[in-house]
Structure formats: C-alpha cells, structure tokens
Amino acid sequence: MSDTQIRLLVADDHVLLRTALCNLLAWEPDITIVGEAGDGPMTVRQAVELRPDVILLDLEMPGPGPLETVRQLTAAVPGTRVVVLTMHDDDEMVHALLAEGALGYLHKSATREVLVAAVRSAVAGGTTLFTPQRPTARPPRPVERPEVQNVLTSRELEVLECVAEAMSNRKIGRQLGITEGTVKRHLRNIFAKLEATTRLDAVNKALSARLIGR
C-alpha cells in the first residue's frame, strides 16, 4: 500500500449504494473520497473540477451512455483512471470500455479486497477485470482445502493474507520482515500452486478454498 493519498470520485445514480461505497472505501488509510456524482454529465464536471486520481464509475447511470462517458472523461482528464462497476457480464462492453481507456471492469459481486486492489492498481496504470465465473458443461473439480494446504507453506499463507489486504510487495516485506525479492518469489510459488494468473485471482482462489478468511 502506498503512502500517497489516492483521490477518488465515486459515481453511481443509486444514492444508497454510492454512500455505501464511499463509507467502505473511506476506511482505507490511503484513499480519500473527494466527490460523488449521480449521472454521466455530473461525473465529467466533477472530474474536471476535482481532478481525482481514480473514478469509480457505475455502468448504468443516466447520461450519454458508458462508452461516451468514459470517452469524455479520458479526453477531459487524461491523467485520471477510470474503474467501471456493473451488474452485467458483457465481453463486448468490457473490450469496448478498455479500448476507450478504462483501466478496470468489476462486477458488483466483487469483494472489498478486490475493489480496493483495483483502485490501487489503476493508480499504477494496471488493468483489473473481475466478472463472475460462468458455468460450464463440465465444471472443474473443486480444489479441496486439505490438498492445497499441504502444498502452500505457512509463509506463503502469510503472504496471501497480506495480498488479500491489498498490500504492495514493499508493504508485505515490511509487515513480515522479509525482502521485496523474497515476497516476489513467494508470490510466484503461490501463483504456480494455485494456478493463478494475477494477485486477485490468487486471493479469490484462496478464499474459495478457505485458506484465508475475510
């Protein structure tokens, strides 16, 4: 977690949800809520006035539509990162929004850890995608908790707990008293053992296997 404050604008037309998001994210020591908006045009105006680092943007707000809103935001405040929140899982929309400059696409079923990590990742220029797993004709056999626990070491579990708190590698190193290079080595081992592709993927798989508890 960086010591620099992340200035966040939350845009959602549902007041209760917007307030809940603000309250949830305001608990993070490195995130400051600088404004709220309830529609697309207001979001653009607030972004120009407040110059936030990240905008958390609801996909279904009133206005010109998500693509045009993101297009206007990236043109008006090119240094601001946009992370989209939605109840829909639409591959075409995901690709279109990313093409317009969005750096995150999160289904609203995402956990607090996923949401916070996506905001922090966006500041660093990273892209985060989180959509519900789709059922398949032959679903994969679930990973049994004992089997995974026998593979992961106690130190790797400690690193996973820190990753679930959206800590940076440097912060994890300070927390556990190890070097940043050692943290990266543990993460590579965790990714390989859990067959994960990203930090968020590793956290989600660890939560599903009940290796770590939130």
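The following refers to the structure shown. Remember, predicted model here, so these are calculated numbers, not experimental data. (Residues numbered from 1 in each chain as written. Predicted model: local features only at pLDDT ≥ 70, side-chain atom pairs only at ≥ 80, totals over all residues. Heavy atoms only, no water.)

Per the secondary structure count, the chain includes ten helices and six strands. Within the chain, the proportion of its 214 residues that are buried is 42%. Pairs at least 24 residues apart make up 65% of the contacts formed inside the chain by residues separated by at least 6 positions. Just so you have it, the chain exposes about 11300 Å², and 53% of that area is on carbon and sulfur atoms. (Helix = DSSP H or I, 4+ residues; strand = E, 2+ residues; numbered from the N terminus. Buried < 20%, exposed > 50% of the residue type's maximum accessible area, 1.4 Å probe, protein only. Contact = heavy atoms within 4.5 Å. Areas by Shrake-Rupley, 256 points an atom, 1.4 Å probe, with all protein chains shown as cover.)

For the rest of this paragraph, the subject is helix H10 (residues 199–208). Among all positions in H10, only Leu200, Ala202, Val203, Asn204 and Ala206 are buried. Those residues of H10 hidden inside the fold are in contact with helix H5 (112–123), strand E6 (128–130), helix H7 (154–164) and helix H9 (180–194). One or two steps after H10, the chain reaches Arg210, where phi turns positive at roughly 60°.

A few words on the sheet that holds strand E3 (residues 54–58). Read from one edge of the open sheet, six strands run E2-E1-E3-E4-E5-E6, paired in parallel fashion. Here the strands that pair on one side only, and so sit at the sheet edges, are strand E2 (31–37) and E6. The average undirected angle you get between the axes of adjacent strands in this sheet is 20°. As paired strands, E3 and strand E4 (residues 81–86) are joined by five bridges and run parallel to one another. What sits directly across from Ile55, in E4, is Val82. Of the strands in this sheet, E3 and E4 touch helix H3 (residues 66–76), which is tilted by about 165° from E3. (Pairing = 2+ DSSP bridges. Axes fitted to C-alpha atoms, helices over the stretch in contact; angles between N-to-C directions.)

Ranked by size, the top nonpolar core spans 23 residues in total, and within it Leu8, Leu25, Ile31, Val54, Leu56, Leu106 and Leu115 carry the most contacts. Elements with a minimum of two residues in this core: strand E1 (6–11), helix H1 (15–26), E3, E4 and H5. When residues of this core are assigned to their parent elements, the largest contribution, seven residues, is made by H5. Ranked by size, the runner-up nonpolar core spans 21 residues in total, among them Cys162, Val163, Ile178 and Val183. (Core = buried A, V, L, I, M, F, W, Y, C linked by side-chain atoms within 4.5 Å.)

Before going further, it helps to examine the pattern of salt bridges. Pairing between side chains of opposite charge can happen when their charged atoms approach one another. According to the stated counting rule, one finds eleven salt bridges in the structure shown. Two residues, Arg71 and Glu68, come together in a salt bridge whose shortest N-O distance is 2.5 Å. Of the two residues, Arg71 and Glu68 are both situated in helix H3; the distance of three residues between them amounts to about one turn of the helix. Accessibility expressed as a relative area gives 27% for Glu68, which makes it partly exposed. Glu156 is the partner of Lys193 in a salt bridge, and the nearest nitrogen-oxygen pair spans 2.9 Å. Placement of Lys193 in helix H9 and of Glu156 in helix H7 is noted, with a sequence separation of 37 residues between them. In this structure, a network of salt bridges that share partners links the residues Glu28, Asp30, Arg112, Glu113 and Arg120. (Salt bridge = Lys/Arg side-chain N within 4 Å of Asp/Glu carboxyl O.)

Once that is clear, we can look at the side chain of Thr86. Looking at the secondary structure, you find Thr86 in strand E4. We classify Thr86 as buried; its relative accessible area is 0%. Within the structure, the side chain of Thr86 is placed 2.9 Å from the side chain of Glu60, a separation counted as a polar contact. (Polar contact = N/O pair within 3.5 Å; in protein donor to acceptor, adjacent residues only side chain to side chain.)

With respect to burial, E1 is a largely interior element, five of its six residues being buried. Examined bridge by bridge, E1 and E2 share six bridges and lie parallel to one another. If you follow Leu8 over to E2, its bridge partner there is Ile33. Read as a crossover between parallel neighbours, the route from E1 over H1 to E2 is right-handed. Where E1 and E3 come together, four bridges link them in parallel fashion. Paired with Leu9 across the bridge in E3 is Ile55. (Right-handed = clockwise from strand over helix to strand, strands pointing away.)

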